[in-house]
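Take a look at the letters that make up each chain.
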There are 4 protein chains.
Amino acid sequence: MNHHDTPPQTARPVPLSQDSLPKNMWAFKHTFRHGQCDPAGIVYTPKFFDIFNQAIEAWFCDHLHIDYYDVLGPRRVGLGYVSASATFFAPCMMGDEIEIYVRVHKLGGKSYEITLHAMKGDKEALRGYFTTVTTSLESHRPIEIPQDIRSAMQNYRDATD
Amino acid sequence: MNHHDTPPQTARPVPLSQDSLPKNMWAFKHTFRHGQCDPAGIVYTPKFFDIFNQAIEAWFCDHLHIDYYDVLGPRRVGLGYVSASATFFAPCMMGDEIEIYVRVHKLGGKSYEITLHAMKGDKEALRGYFTTVTTSLESHRPIEIPQDIRSAMQNYRDATD
Amino acid sequence: MNHHDTPPQTARPVPLSQDSLPKNMWAFKHTFRHGQCDPAGIVYTPKFFDIFNQAIEAWFCDHLHIDYYDVLGPRRVGLGYVSASATFFAPCMMGDEIEIYVRVHKLGGKSYEITLHAMKGDKEALRGYFTTVTTSLESHRPIEIPQDIRSAMQNYRDATD
Amino acid sequence: MNHHDTPPQTARPVPLSQDSLPKNMWAFKHTFRHGQCDPAGIVYTPKFFDIFNQAIEAWFCDHLHIDYYDVLGPRRVGLGYVSASATFFAPCMMGDEIEIYVRVHKLGGKSYEITLHAMKGDKEALRGYFTTVTTSLESHRPIEIPQDIRSAMQNYRDATD
């Protein structure tokens, strides 16, 4: 086994409380439904990644005022992930309501990193990390983050950090 | 921002080729279908986590000969994740066939780590990492990995490492 | 081929416009997201059934004030379907917003039928039909519709028909 | 309430046994997984529609030798549904294996109807009905069923009816 096989180092993070969150972050509300839960009565892991995606899309459309569907469609800009991960602190069950706070963790030339804090009441239930590389959907090659997206993210980051 | 907010360090791994995989690993075959792909024509990220879960379940049932559904059901043992992550090397499209090779990366007292190498042809297209803590589905507290599961995983690990 | 093999007769229904809907129906709002759409750019058919389910759950919880999760959980009452169907009038795409109007079509002793009118703007985009038989989750046998659910549905029906 | 509001007439069909199925039908095998089941321990209804879709895709690719993904992709032919429905005879649980037998029920000029018999052991557990109208993905208008698809379906139908 060589070093390429080693999983990422994951020093286990500690869940945040509501008052330790940065101020002014936008949040996406979601109620977990029956069909998102498994026979153990808790949310099926891949469904969290689905909800994280929905949160990012809504954040683009409703808060950054960048039409996510226009970006992927007519503009032919890919927002795919090079990595996606989540750490789970407390189980979520059907009927549970969460608020997902969106943070721009890093804003590079051709990539950006989003952290998502999913709060259940006062406590963080889980946290997601998504690294996007912006690509051309024609060439499938990395491209610079489009200027309007970069500005909107930079403004958001300045306001929340 | 304090150190608790820092995402896991992810030194970007390098995709494996078929002949650099450890020998004797069990693999799960899957063909990506229309409904697993998004309007960009590629597999929707959360679907990879779903397929990774299916691979683990099939590995339990078909190769370890541990009935995954009996574990979660009558035996009331939880196999939930404390973390789940994936790194993406190459996009997958509808009709693409992958083989997911299962590796036991770590086998602790109350937790185990699985690495999943998803090969498309000769090249690794993506890799998943899942850390499970075994719990009682009554108390929701961590318990020792049940002996039959531990033995089966240890045998598998010895044979493949 | 005997008569048991014959699919249900489906005289093709005609889409309703907003002003031909019965008054006072409760509606569930949904925005279709990227991950609900397929490579043809339109919502993947099974996702409509998922959203219809979510609409019914929200209608129970938010409007009928019956805790759907309490019914299925501690009360051990099953609300499974004996049939589910949908008719599609116009395609839905990512970013499209719909409002799903819930109608109690029939209220029997051990079963009820729900019709769901999914409006996109002024026009019905699709319509769902769900027939539920209430069961005991212990015996898996049909039981009378619990009185609180029956009353709430009857009141709703009286107010909307 | 006018006649447009009336749900389709559904004379409740009777489940078939294995030996009452037409001969020579192609079948798709599926094992229901944890993530397809809900907190009541049974398969979540929309997942059946997903599996029916997967069965149809596999039937195209593996048995009719028509590349479903080529049809939707480069050939720009839509195979969307104007109606989809299912009747449920017996619940399915995680770990259950089913075989879905595909039948061409009707083959029209611009539309075809597929019936799917999902057998659990010797008994039909559920049945699906899907009506497709073939369309141009450019104009979104109905088109004649492409000749290679029609021939393949007609041959299949002749062999099984």
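Residues numbered from 1 in each chain as written. Chains lettered and ligands numbered in written order. Predicted model: local features only at pLDDT ≥ 70, side-chain atom pairs only at ≥ 80, totals over all residues. Heavy atoms only, no water.

Some remarks on the environment of Ser111 of chain B
All names here are of chain B. To keep it simple, the criterion reads: Numbered from the N terminus, helices here are DSSP runs of H or I no shorter than four residues, and strands are runs of E no shorter than two. Here's how the labels work: a residue is buried when its accessible area is under 20% of the maximum for its type, exposed when over 50%, partly exposed in between, all with a 1.4 Å probe on protein chains only. What makes two residues a contact is simply this: any of their non-hydrogen atoms within 4.5 Å.
Locating Ser111 in the fold gives a position in strand S5 (residues 111-120). Judged by its relative accessible area of 25%, Ser111 is partly exposed. Separated by 45 residues in the primary sequence, Ser111 and Ile66 place their C-alpha atoms 17 Å from one another. If sequence neighbours within four positions are ignored, Ser111 has contacts with Thr132, Val133 and Ile145.

Considering the interface of chain C and chain B
Put simply, the rule is: Think of a salt bridge as a Lys or Arg side-chain nitrogen and an Asp or Glu carboxyl oxygen that are within 4 Å of each other. By the criterion applied in these results, polar contacts are pairs of N or O atoms within 3.5 Å in which, for protein atoms, one can donate a hydrogen and the other can accept it, and in which residues neighboring in sequence qualify only through two side-chain atoms. In this classification, Asp, Glu, Lys and Arg are treated as charged, Ala, Val, Leu, Ile, Met, Phe, Trp, Tyr, Cys and Pro as nonpolar, and every other residue, Gly included, as polar.
Contact residues are listed per partner, giving 10 residues for chain C and 10 residues for chain B. Between the two partners, chain C and chain B, sit 0 salt bridges. The tally of links from chain C across to chain B stands at 2 residue pairs in polar contact (both at pLDDT 80 or more). Among the residues making up the side of chain C that touches chain B, the classes are represented as 5 nonpolar, 3 polar and 2 charged.

Here's the deal with the environment of Glu124 of chain C
Residue and element names in this part refer to chain C. Note that Glu124 resides in strand S6 (residues 123-133). Among the residues examined, Glu124 registers a relative accessible area of 2% and is labelled buried. Sequence separation between Glu124 and Tyr101 is 23 residues, and the spatial gap between their C-alpha atoms is 10.0 Å. For Glu124, the contacting residues outside a window of four places in its chain are Val14, Pro15, Leu16, Phe89, His117, Ala118 and Met119. Among the polar contacts listed, one links the side chain of Glu124 to the side chain of His117, at a separation of 2.6 Å. There is a polar contact of 2.7 Å between the side chain of Glu124 and the side chain of Arg127.

Here we look at the packing of aromatic side chains
Put simply, the rule reads: Stacked, edge-to-face and tilted labels apply to pairs of Phe, Tyr and Trp rings (six-membered ring for Trp) whose centres lie within 6.5 Å, assigned for plane angles under 30 degrees, over 60, and everything in between, in that order.
With the rule as written, the count across this model stands at 42 aromatic pairs over all chains. For the pair Tyr81 of chain C and Phe130 of chain C, a centre-to-centre distance of 4.8 Å together with 55° between the ring planes defines the contact as tilted. Placement of the pair is Tyr81 of chain C in strand S3 (residues 81-88) and Phe130 of chain C in strand S6, with a sequence separation of 49 residues. Across the pair, Phe130 of chain C and Tyr81 of chain C agree in class, each one buried. An aromatic cluster is built from Phe49, Phe52, Tyr81 and Phe130 of chain A together with Phe49, Phe52, Tyr81 and Phe130 of chain B, whose rings are joined through pairwise contacts.

Some points on the relation of the copies chain C and chain B
Short version of the rule: Here the copies were fitted onto each other by least squares, based on C-alpha atoms from residues at pLDDT of at least 70 in both.
Relative to chain B, chain C is turned by 180° and slid 0.0 Å along the rotation axis, the superposed coordinates differing by an RMSD of 0.0 Å. Expressed as an axis order, the relation between the two copies is that of a two-fold axis. Both copies contact each other with a shared surface, as 100% of the interface residues of chain C are interface residues in chain B too.

That's the geometry; what it means functionally is another story.
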